[in-house]
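# A structural walkthrough
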Amino acid sequence: MAIRLGDIAPDFTAVTTEGTVNFHEWLGDSWGLLFSHPADYTPVCTTELGRTAQLKAEFEKRGVKAIVVSVDDLESHNGWIHDINETQNTTVNFPIIADPEKKVAELYDMIHPNASTTMTVRSVFIIAPDKSVKLTLTYPAATGRNFNEILRVIDSLQLTAKHSVATPADWKNGEDCIVSPAIKTEDIPAKFPKGHKVIKPYLRTTPQP
Ligand code: BEZ
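Residues numbered from 1 in each chain as written. Predicted model: local features only at pLDDT ≥ 70, side-chain atom pairs only at ≥ 80, totals over all residues. Heavy atoms only, no water.

### Section: the overall build of the protein chain
Within the protein chain, the secondary structure is distributed over seven helices and eleven strands. By its C-alpha atoms, the protein chain is 60 × 35 × 35 Å across when sized along the principal axes. For the protein chain, with 209 residues in total, the buried portion stands at 46%. Contacts in the protein chain between residues far apart in sequence, at least 24 positions, make up 64% of those at least 6 positions apart. For the protein chain, the exposed area adds up to about 10,600 Å²; of that, 52% sits on carbon and sulfur atoms. (Helix = DSSP H or I, 4+ residues; strand = E, 2+ residues; numbered from the N terminus. Buried < 20%, exposed > 50% of the residue type's maximum accessible area, 1.4 Å probe, protein only. Contact = heavy atoms within 4.5 Å. Areas by Shrake-Rupley, 256 points an atom, 1.4 Å probe, with all protein chains shown as cover.)

### So, the pattern of salt bridges
Applying the stated criterion across every chain yields a total of nine salt bridges. R152 serves as the salt-bridge partner of E149, at 2.6 Å between the closest nitrogen and oxygen. You can see E149 and its partner R152 sitting in helix α6 (residues 147-162), three residues apart, about one turn around the helix. Looking at E149, the relative accessible area reads 26%, which means it is partly exposed. A relative accessible area of 23% places R152 in the partly exposed class. (Salt bridge = Lys/Arg side-chain N within 4 Å of Asp/Glu carboxyl O.)

### Examining the domain arrangement of the protein chain
Considered domain by domain, the protein chain is made up of domain 1 (13-145) and domain 2 (163-206). Computed from C-alpha atoms alone, the centre-to-centre distance between domain 1 and domain 2 is 35 Å. (Domains from an automatic or database assignment.)

### So, the sheet that holds strand β11 (residues 203-206)
Spatially, the four strands line up as an open sheet ordered β8-β9-β11-β10, and their pairing is antiparallel. Only two strands of the sheet have a single partner each, and these edge strands are β8 (165-166) and β10 (197-200). Two elements, strand β9 (residues 177-179) and β11, share two bridges in a ladder whose sense is antiparallel. Paired with I178 across the bridge in β11 is T205. (Pairing = 2+ DSSP bridges.)

### With respect to the site of the ligand
Around the ligand, the neighbouring residues are P38, T42, P43, V44, C45, M119, R122 and A141. Between T42 and the ligand, the recorded distance is 3.0 Å, taken from a side-chain N or O atom to an oxygen atom. With respect to the ligand, the backbone of P43 contributes an N or O atom lying 3.2 Å from an oxygen atom. Its free accessible area being 260 Å², the ligand has 79% of it covered by the protein chains. No other element matches helix α2 (residues 43-54), which puts three residues into the shell around the ligand. Along the lines of polarity and charge, the residues of the shell around the ligand split into six nonpolar, one polar and one charged. (Near = heavy atom within 4 Å. Polar contact = N/O pair within 3.5 Å; in protein donor to acceptor, adjacent residues only side chain to side chain. Nonpolar A, V, L, I, M, F, W, Y, C, P; charged D, E, K, R; others polar.)

Quick look at the structure:
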């Protein structure tokens, strides 16, 4: 069954390029980014994994641990990592799960039979420290993901988990936010001392807390 927002991310133990990982234990108190790619030694996936490695400092800054799954085996992953490092000028610095039996792929519903019966789609799961799923995204094989969007959404998830705000369309870290509809307008000054604007009774903005 599909994984829905708020569900506890299914736990698993799997062999990875960085040893055997128990997912929940490995996550610890961090946020998690779990994503699938269709197959090893494919061009779009090579760029995506290179980009993930290049963004390590950005993920670390946000307390996020990245882990990738592919239905190829460990030997294939280890060979492919050399190509990723060489072509993307980076060093792969996160575990890639070997999932030839498709256990993780099936647990997370990453195979969409009408797209492909053998390969995973490009699934993305962002998981909070309490192990609940905060975001899911699905891209087709031919479209590489936008990792700036993944960082942007992590910023929004972390901000909105901490403050009673929402983030508007195309919001970027540092920009004005929307005051949660649950907050009464008369209570805004005490909660948001940086100021606020009432554009409509239901649309109130404030500088990013
Ligand atoms: C790729 O990563 O380039 C790719 C993988 C499967 C199908 C199409 C493209």
